[in-house]
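# Coordinate analysis (summary)
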Amino acid sequence: MLTEFCTKIIQKLYNIDYVTLGLILGTALVCALIIYWRKAEHKSVRDFFDFAFPAEIIMHPSARADAMFWITKRLMMPFLLIPAGATFVTAVGYATNQAISWIFGIDGTLINGPAGPVTIVIFTATMLLAYDISYYLYHVAQHRYPFLWELHKVHHSAEVMVGITKDRVHPLDDLMNRLWDGVIPGICFGIWSVIALNPVEIAVFGLNVYVLRNILMMDFVRHTHLKISFGPLNNIILCPHWHQIHHSVDPRHYDKNFGLLFSFWDRLFGTHFIPDPNEDLKFGIMDRDAKDYQSLVGLYILPLKKMWRHIARRLRRRFQVSAQTRNASP
């Protein structure tokens with residue numbers, strides 16, 4: 001009985017796409033090796049591991065909070081029943097497909113036969129753009145609206161970056177993000193399903209695009225201490241160092257570099273910031289209760305309490321205005 005229980009827990013913890021995990025960890029290791037090789041004068045294996053896994057970061061209370069949050073969240077996710085992002089995309093895509101087909105009287109796809117390589121490349125590119133602008137808009141909203149910020153603050157409360165900091169996201173924030181993530185990419189999906197892709201291909205390529213985006217944006221690497229720049233490519237792709245600015249407590253860096261994969265959204269909307277390559281960054285939040293976010297209670301419960309206070313305050317104001325209006329009327 002106990003063995004069975006332990007096996008189930010291990011399965012929940014390690015129910016991971018190992019190919020994707022290998023690519024992510026491999027990318028992080030290669031990046032660390034390249035930076036170390038360029039900077040270190042006297043090279044050794046031990047020195048490399050000290051550089052890649054600094055004790056002051058790995059043993060930091062924020063890193064321990066990340067580890068506990070990652071483990072408990074993976075254990076809870078099956079019970080929270082939060083659908084995968086592709087589920088919402090497929091649902092909105094199907095609704096878009098049906099609406100367009102009904103309005104224009106289309107039966108099947110406009111282009112018959114299997115999708116060719118050119119179609120798949122264009123589809124992948126448009127889906128990446130749809131996912132990315134969707135993320136950018138929601139990310140800006142997370143910083144602009146207080147009740148969303150209280151949830152997003154969980155992510156920003158990390159005082160060091162250790163890779164799995166990327167998953168320091170409140171479960172409710174996860175759900176809301178995935179719901180929104182289905183809108184723009186879902187509509188894009190639906191249009192493509194009318195043009196050239198049947199539902200089976202949509203499900204397969206939709207999932208691949210989602211995974212491809214996560215690999216390309218180097219989400220694990222950009223949530224580490226590694227200051228990686230892509231040089232001239234920074235004008236198109238948001239490099240890890242530019243994202244790390246987004247986590248900085250320096251007021252100059254507030255509400256900057258919201259992008260996920262592409263950096264041109266920030267330039268287009270005036271939210272980009274180009275950091276000094278040698279600048280040391282301090283991460284976290286400046287709230288008086290910042291230390292409370294380094295515990296599981298602070299990461300799971302505190303955001304909900306604060307979010308409810310914002311909602312309750314707004315409801316009270318609305319009731320007061322409504323009551324004043326009724327009293328003022330003859």
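Given the structure is predicted, the values throughout are model-derived calculations rather than measurements. (Residues numbered from 1 in each chain as written. Predicted model: local features only at pLDDT ≥ 70, side-chain atom pairs only at ≥ 80, totals over all residues. Heavy atoms only, no water.)

On to the overall build of the protein. A count of helical and extended segments in the protein gives 16 helices and zero strands. Evaluated residue by residue, the protein yields a buried proportion of 44% over its 330 residues. Carbon and sulfur atoms make up 67% of the accessible area of the protein, which amounts to about 18700 Å² in all. (Helix = DSSP H or I, 4+ residues; strand = E, 2+ residues; numbered from the N terminus. Buried < 20%, exposed > 50% of the residue type's maximum accessible area, 1.4 Å probe, protein only. Areas by Shrake-Rupley, 256 points an atom, 1.4 Å probe, with all protein chains shown as cover.)

We now examine the packing of aromatic side chains. Applying the stated criterion to the full structure yields eleven aromatic pairs. An angle of 20° between the planes, with centres 5.9 Å apart, marks the rings of Phe49 and Phe53 as stacked. A residue is classified by how much of its surface remains accessible, and Phe49, at 42% relative accessible area, is partly exposed. A relative accessible area of 45% means that Phe53 is categorised as partly exposed. Ring centres of Phe264 and Trp265 lie 4.9 Å apart, and the angle between their planes is 65°; on these two criteria the pair is classed as edge-to-face. The ring centre of Trp37 lies 5.0 Å from the NZ or CZ of Lys43, which sits over that ring. (Phe/Tyr/Trp six-rings, centres within 6.5 Å; stacked < 30°, edge-to-face > 60°. Lys NZ or Arg CZ within 6 Å of the ring centre and 35° of its normal.)

Across soluble globular proteins, nonpolar side chains show a tendency to be buried alongside one another. Ranked by size, the top nonpolar core spans 13 residues in total, and within it Cys31, Ala32, Phe48, Val221, Leu226 and Ile228 carry the most contacts. Elements with a contribution of two residues or more to this core: helix 2 (18–39), helix 3 (45–52) and helix 12 (219–222). Setting aside chain neighbours within four positions, we find Leu226 in contact with Ala28, Ala32, Ile35, Phe51, Pro240 and Gln244. (Core = buried A, V, L, I, M, F, W, Y, C linked by side-chain atoms within 4.5 Å. Contact = heavy atoms within 4.5 Å.)

A positive phi is found at Asp255, a non-glycine position, where the angle reads about 55°. Inspection of the secondary structure assignment puts Asp255 in the loop between helix 13 (240–246) and helix 14 (264–269). Judged by its relative accessible area of 38%, Asp255 falls in the partly exposed class. Not every positive phi belongs to a glycine, and Asn257 is a case in point at roughly 55°. Among the secondary structure elements, Asn257 is positioned in the loop between helix 13 and helix 14. Its relative accessible area of 0% is what places Asn257 among the buried residues.

Turning to the pattern of salt bridges, a few remarks are in order. Summed over all chains, the structure comprises eleven salt bridges. Notably, a salt bridge pairs Asp66 with Arg168, separated by 2.7 Å at the nearest N-O pair. Taken together, the positions of Asp66 in helix 5 (residues 61–80) and Arg168 in the loop between helix 8 (146–156) and helix 9 (171–181) put the pair 102 residues apart, joining distant regions of the chain. Judged by its relative accessible area of 2%, Asp66 falls in the buried class. The class of Arg168 is buried, set by a relative accessible area of 0%. Put simply, Lys306 and Asp289 hold a salt bridge, and the shortest N to O gap is 2.6 Å. Of the two residues, Lys306 is situated in helix 16 (residues 302–328) and Asp289 in the loop between helix 14 and helix 15 (296–300); the sequence distance between them amounts to 17 residues. For the pair formed by Lys306 and Asp289, the shared burial category is buried. (Salt bridge = Lys/Arg side-chain N within 4 Å of Asp/Glu carboxyl O.)

This brings us to the environment of Gly182. Assignment of secondary structure puts Gly182 in the loop between helix 9 and helix 10 (183–195). Each C-alpha atom, one on Gly182 and one on Phe88, is 4.6 Å from the other, the two residues being 94 residues apart in sequence. Discounting chain neighbours no more than four positions away, the residues touching Gly182 are Phe88, Val89, Val92 and Ile187.

Attention shifts here to the environment of Ala91. By the secondary structure assignment, Ala91 is in helix 6 (residues 85–104). Here the alpha-carbon distance between Ala91 and Gly182, two residues 91 residues apart in the chain, equals 7.8 Å.

What follows concerns the packing of helix 8 against helix 9. In the contact formed by helix 8 and helix 9, the axes pass within 8 Å of each other and the chain directions differ by 120°. As the angle between them shows, helix 8 and helix 9 are arranged oblique. Relative to helix 9, helix 8 is oriented so that their crossing is left-handed. Residues Leu148, Leu151 and His152 of helix 8 lie in contact with helix 9, whose contacting residues are Leu172, Asp173 and Met176. In the contact of helix 8 with helix 9, the residues fall into four nonpolar, one polar and one charged. (Axes fitted to C-alpha atoms, helices over the stretch in contact; angles between N-to-C directions. Parallel < 35°, antiparallel > 145°, perpendicular 65-115°, else oblique. Left-handed = near helix turned anticlockwise from the far one by under 90°. Nonpolar A, V, L, I, M, F, W, Y, C, P; charged D, E, K, R; others polar.)

For Ala95, the position within the fold is in helix 6. The partly exposed category is assigned to Ala95, whose relative accessible area is 45%.

On average, residues of the protein score 82 in pLDDT, and 80% of them reach the 70 mark or higher. Put simply, helix 1 (residues 2–13) is where the protein has its lowest mean pLDDT, 45, and helix 14 is where it has its highest, 95. Contacts from residues 5–15, a stretch scored under 50 in pLDDT, to residues over four places away or in other chains number ten contacts. In the predicted structure, residues 202–207 sits below a pLDDT of 50 and forms ten contacts with residues beyond four places in sequence or in another chain. (pLDDT = per-residue confidence, 0-100.)

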